[in-house]
Amino acid sequence: MNSEEIEKLKKAGEIAQMIIPYAKGFIKKDMLLLEIAEKIEKKIEELGGKPAFPVNTSINHVAAHYTPSIDDKSTAKGLLKIDFGVHIDGYISDNAFSLNLEHNENNNRLIHAAEEALKNVLNEINSKMSFSQAGEIIQKSIMKHGFAPIRNLSGHGIAPYIIHAGKTVPNYDNKNDNVLGEGYYAIEPFATNGNGSVHEGGESGIYALIKKKPVRDELARKIIQFIEHNYKTLPFCSRWIVKEFSSRALFSLRILEQNGIIKHYPQLVEDGGGIVSQAERTLYISKDEVILC
Ligand code: CO
């Protein structure tokens, strides 16, 4: 990455770091998830960034990929994970934190385990660390607290306008002895008191454009243009599209999905019904330094 690109990434990271205390300051139990997501997305824009994907507000055994729909009545409770991204011209800072909205000691310990796993990796990370070493640190940190890491969720490489690019940073020792090298990664440990794996659950309303093809439906064509212009290959959600085009757009989104033009990301649910916590941070590793962003 050249210095201009690194500056964009740093700026995205600075905005993300301002969002965390802002969000922690206003999120309360029983607040509408819709209000939480929209406040965070609005604040990202006020601070000069753009949301890199819809704010995810996943609760308890839902590990990831829940964003409120436009008329969502669900409220904050339990162990709430806020996973959000900020981008500047496609340079993305991907972050997450967890909140315990009950008086529940187990939730506190789960959150602590994920946060400590992340901290322990960040303390040691450099270009010569292997993927398996990063995974081993996460696994041991989480298991020390009596919990399991989620093995089929992982950190990931990032590229401009691509939230999951190529390489996987495992949450357990997966025996991949290749080194991280120079690169741009999100590290995201998930801890659970369940099985340590997730399966695909209900709809999330989160999508991304995967392949442009002609469609007959006129509204669907307009939606493709809107997505290309505003999100390119980044994830977006039905809530954003309905806001622009009214609820008629939901039918067009279905057509786009059936035609393989957009891809839907289902909710990811813990296999054993366990409660899941998450912590996440983005970083850029160069030959001789690690830049948190
Ligand atoms: Co991520």
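Every chain is numbered on its own, with residues counted from 1 as its sequence reads. Where local features are concerned, this predicted model is filtered to residues with pLDDT of at least 70; where side-chain atom pairs are given and counted, the filter is 80 or more; whole-chain, interface and lining totals use all residues. To get the side-chain values, take all heavy atoms of the structure and skip hydrogens and water.

**Student:** Run through the pattern of salt bridges, naming residues and quoting values.
**Tutor:** Salt-bridge detection follows one rule: a side-chain nitrogen of Lys or Arg within 4 Å of a carboxyl oxygen of Asp or Glu. In the structure shown here, the tally under the stated rule is 16 salt bridges. Glutamate 136 is the partner of lysine 140 in a salt bridge, and the nearest nitrogen-oxygen pair spans 2.9 Å. Highlighted residues: lysine 140 and glutamate 136, both in helix α4 (residues 131-144), separated by 4 residues, approximately one helical turn. By relative accessible area, which is 55% here, lysine 140 ends up exposed. Lysine 287 is the partner of glutamate 182 in a salt bridge, and the nearest nitrogen-oxygen pair spans 3.8 Å. A run of DSSP states H or I qualifies as a helix once it reaches four residues; a run of E qualifies as a strand once it reaches two. Both are numbered from the N-terminal end. Relative accessible area decides the class of each residue, using a 1.4 Å probe on protein chains only: under 20% of the type maximum gives buried, over 50% gives exposed, and in between gives partly exposed.

**Student:** Hey, could you go over the domain arrangement of the protein chain for me, with residue numbers and the actual values?
**Tutor:** Delimitation of the domains relies on an automatic or database domain assignment. In terms of domains, the protein chain is made up of domain 1 (3-201 + 272-292) and domain 2 (206-265). Each of domain 1 and domain 2 has a C-alpha centre, and the two are 26 Å apart. In what follows, residue pairs with any heavy atoms lying within 4.5 Å of each other are defined as contacts. With 21 residues of domain 1 at the interface, the matching set in domain 2 holds 13 residues. By convention, the term buried area covers the 1.4 Å-probe accessible surface removed from two parts as they join, with the contributions of both added. Among the residues domain 1 hides against domain 2, the three largest losses belong to Pro54, Ile70 and Tyr161. Together they make up 41% of the total. Taken together, the connections running from domain 1 to domain 2 amount to 2 salt bridges. For glutamate 41, the salt bridge identified is with arginine 239, shortest N-O distance 2.8 Å.

**Student:** Describe the packing of helix α2 (residues 33-46) against helix α6 (residues 238-245), and please don't skip the residues or the numbers.
**Tutor:** Axes here mean lines fitted to C-alpha atoms, for a helix over just the part in contact, with angles spanning 0 to 180 degrees between N-to-C directions. One way to put it is that α2 packs onto α6 with a least axis distance of 12 Å and a crossing angle of 80°. Judged on the interaxial angle alone, α6 and α2 are roughly perpendicular. For the pair α2 and α6, contact is made by Leu34, Ala37, Glu38 and Glu41 and by Arg239, Trp240 and Lys243, respectively. All residues other than Ala, Val, Leu, Ile, Met, Phe, Trp, Tyr, Cys, Pro, Asp, Glu, Lys and Arg, Gly among them, are scored as polar; the first ten of these are nonpolar and the last four charged. Its residues assigned to classes, the contact of α2 with α6 shows 3 nonpolar, no polar and 4 charged. Working rule for angles: under 35 degrees goes down as roughly parallel, over 145 as roughly antiparallel, 65 to 115 as roughly perpendicular, anything else as oblique.

**Student:** Provide a residue-level description of the coordination of the cobalt ion, including the pertinent values.
**Tutor:** Those protein atoms acting as donors to the cobalt ion are Asp94 (OD), His156 (NE2), Glu188 (OE) and Glu280 (OE), and they sit at 2.0 to 2.4 Å. Considering all 4 donor atoms around the cobalt ion, the spread of angles at the metal, 81 to 174°, places the coordination shape in the irregular class. Donor criterion used throughout: N, O or S atom within 2.8 Å of the metal, extended to 3.2 Å for Na, K and Ca. Water excluded; incomplete-looking sites may result. Spacing between the donor residues of the cobalt ion along their common chain follows D-x61-H-x31-E-x91-E. Residue histidine 156 is located in strand β7 (residues 155-157), and its partner glutamate 188 is located in the loop between β9 (183-187) and β10 (190-192); the two are separated by 32 residues in the primary sequence. Metal sites are grouped by the angles between bound donors: all angles between 85 and 135 degrees with four donors is tetrahedral, opposite donors over 155 degrees apart with the others between 65 and 115 is square planar for four donors and octahedral for six, and any other pattern is irregular.

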